[in-house]
Amino acid sequence: MSSGPGAASAPAPDPHDSPPASDPLPRKSSMFSSLKVRNYRLFFMGQVVSNIGTWMQRIAQDWLVLSLTGSSAAVGITTALQFLPMLLFGLYGGVLVDRLRKRPALLVTQSSMALTAIALAVLTLTGHVQVWHVYVAAFAVGLATVVDNPARQSFVSELVGPGQLQNAVSLNSANFQSARLVGPAVAGLLITGVGTGYAFLFNGLSFIAPLTGLLLMRARELHVVERAPRGKGQLREGVRYVTGRPELIWPIVLVGFVGTFAFNFPVYLSAFADDVFHAGAGAYSMFNTLMAVGSVVGALLAARRGTARLRLLIVAAMAFGALEILAATTPTLWMFALLMIPLGLFGMTVNVTTNTSIQMSTDPAMRGRVMALYMMIFLGGSPVGAPIVGWITDTYGARIGLAAGGAVAALAAAVIGLILARVGNLRLSVGWHGGHPRVRFVPREQEQLAPAA
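Residues numbered from 1 in each chain as written. Predicted model: local features only at pLDDT ≥ 70, side-chain atom pairs only at ≥ 80, totals over all residues. Heavy atoms only, no water.

You'll find the chain entered in an unreviewed UniProt entry as MFS transporter, with Streptomyces tibetensis given as the organism. The record in UniProt for the chain states the following under Subcellular location (unreviewed entry): "Cell membrane". (UniProt positions renumbered as here; feature names shortened; annotations may be inferred.)

Some remarks on unusual backbone geometry
In this model, His278 sits at a positive phi of 50°, which is unusual for a non-glycine residue. For His278, the location among the structural elements is in the loop between helix 10 (265-276) and helix 11 (280-304). (Helix = DSSP H or I, 4+ residues; strand = E, 2+ residues; numbered from the N terminus.)

Examining the UniProt feature "transmembrane region" (unreviewed entry) in the chain
Here the UniProt feature "transmembrane region" (unreviewed entry) sits at residues 40-60, 72-93, 248-269, 281-303, 310-327, 333-352, 372-392 and 398-421. Note that residues 248-269 is 91% helix and 0% strand, and that its end C-alpha atoms are spaced 31 Å apart. Secondary structure over residues 398-421 splits into 100% helix and 0% strand, and the C-alpha atoms at its two ends are 35 Å apart.

Thoughts on a nonpolar patch on the surface
Together, Leu84, Leu88, Phe89, Tyr92 and Leu143 line one region of the surface with nonpolar side chains, adding up to about 460 Å² of accessible area. If one sorts the elements of the nonpolar patch by residue count, helix 2 (residues 72-99) sits on top with 4 residues. Structurally, Leu143 can be placed in helix 4 (residues 131-160). (Patch = residues over 30% accessible without salt bridge, like charges linked within 9 Å, V, L, I, M, F, W, Y side chains within 5 Å. Areas by Shrake-Rupley, 256 points an atom, 1.4 Å probe, with all protein chains shown as cover. Salt bridge = Lys/Arg side-chain N within 4 Å of Asp/Glu carboxyl O.)

Let's talk about the nonpolar core
Among the nonpolar cores identified, the biggest contains 37 residues, and Leu254, Phe287 and Phe336 are the most heavily contacted of them. Counting residues per element, the ones that place at least two in this core are helix 9 (246-262), helix 10, helix 11, helix 12 (310-329), helix 13 (333-360) and helix 15 (398-423). Looking at this core element by element, the count peaks at 9 residues for helix 12. Once you skip the residues sitting within four places of it in the chain, Phe336 turns out to touch Leu269, Phe272, Phe277, Phe287, Ala327, Thr330 and Leu402. Counting residues in each nonpolar core, the second largest holds 25 residues, with Val156, Val160, Leu222 and Ala299 among its members. (Core = buried A, V, L, I, M, F, W, Y, C linked by side-chain atoms within 4.5 Å. Buried < 20%, exposed > 50% of the residue type's maximum accessible area, 1.4 Å probe, protein only. Contact = heavy atoms within 4.5 Å.)

Thoughts on the side chain of Thr124
Positionally, Thr124 belongs in helix 3 (residues 102-125). Judged by relative accessible area, which is 15%, Thr124 ranks as buried. Setting aside chain neighbours within four positions, we find Thr124 in contact with Leu64, Val129, Thr196, Gly197 and Phe200.

Some words on the environment of Thr330
Tracing the sequence through the fold places Thr330 in the loop between helix 12 and helix 13. Considering only alpha carbons, one finds Thr330 and Arg399, 69 residues apart in sequence, at a separation of 9.1 Å. Not counting the four nearest positions on each side in its chain, Thr330 is found in contact with Phe277, Met335, Phe336, Leu339 and Arg399. Only 2.7 Å separates the side chain of Thr330 from the backbone oxygen of Ala327, close enough to count as a polar contact. (Polar contact = N/O pair within 3.5 Å; in protein donor to acceptor, adjacent residues only side chain to side chain.)

Notes on the packing of helix 9 against helix 12
Where helix 9 contacts helix 12, the axes come no closer than 12 Å and their chain directions differ by 15°. In terms of orientation, helix 9 and helix 12 fall into the roughly parallel class. As helix 9 runs across helix 12, the sense of the crossing is left-handed. Contact residues: helix 9 offers Glu247, Pro251, Leu254, Val258 and Ala262, while helix 12 offers Leu310, Leu313, Ile314, Ala317, Phe320 and Glu324. Class assignment of the residues belonging to the contact of helix 9 with helix 12 gives a composition of 9 nonpolar, no polar and 2 charged. (Axes fitted to C-alpha atoms, helices over the stretch in contact; angles between N-to-C directions. Parallel < 35°, antiparallel > 145°, perpendicular 65-115°, else oblique. Left-handed = near helix turned anticlockwise from the far one by under 90°. Nonpolar A, V, L, I, M, F, W, Y, C, P; charged D, E, K, R; others polar.)

Laid out in structure tokens, this is it:
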């Protein structure tokens, strides 16, 4: 195993354009260029169906628990049980992913989640379901996710190679967010029309699509990636690998702050819908839908770009935080609702840029462990931060809660941007270009030579 970032996975950064980053290959691609790759096309189409089923199960699961117990706390326990395995075992899952072949691993994890959904459907449709069954199912899905999540994230590079990675990651995000627009609506129709159990059944059967896609892929067309040999200390090795590379550790730290304090929209949006605008569940649903629209647009724009620069990550995170502060001050419901679209756009830009830049900066043999750490911090941030931002929102009001979350995101982005600039020996340059103000990072040597020029 090589100890460096790997020539094929981490092209040299352009010091004139951004802080020390591992920019992907500077290729301008069309918005759907990755779909020209047969293996990725099979993967993408399978995920279209499966993601709709996943969103359907999320809605049906929460509704079933609420129906069985009448307790919102029980719904929270279900969510916590689904995230708990990732928090406890996420890094170990990354070690396994680096050792295993990704396609067989995904066949196992996707099959296990399908069987879990079908078992829950049978229990619900026969009238034998109890709340502990849902708890067990949520925990089982969480265990499968420990391996499935980093395996799916790192498998994308094997499908398309480094040149198309930015585009493929962006299309995956657009895929998931588009399903967010469809899945809950279909789940609502099934729950009210024929019962909750059919939503679970649809999700279980939806896994046929990705499983079929995996089986139909041509192994000879996959990009060969070095696998880590079995050995001791691989978990510590993965942590050392990340902490020793500024282009990895600081984006992960930034996502940790943003995910923990700024991405808790279930807390913020429900409070604005109920306590600030007194508009009820309809407004809450509208806020989420508009944010999903913005997320889809952000993912498609990211797919169109040919690079994933850390400069873009810093700017997008600062804009995201600033938009939350602005949204917190809006006096009317319609102004607040309209701001959900750019919030979704910049939030998705942060997610896609972080994901792509981390993958491109990582040695392929370490990618599973690095992505597991990234997903553990990103997915684990919201459950950890929810009680904190919930307390702030309850104590000081929804406007203060949202503004505080945005301030943390913007401040974290500014500080980490300065850290990355210092590590890369860059300085902020402010001047005029073509009659317009120009702000950028330049190497210190270039800044020193500028007066002489």
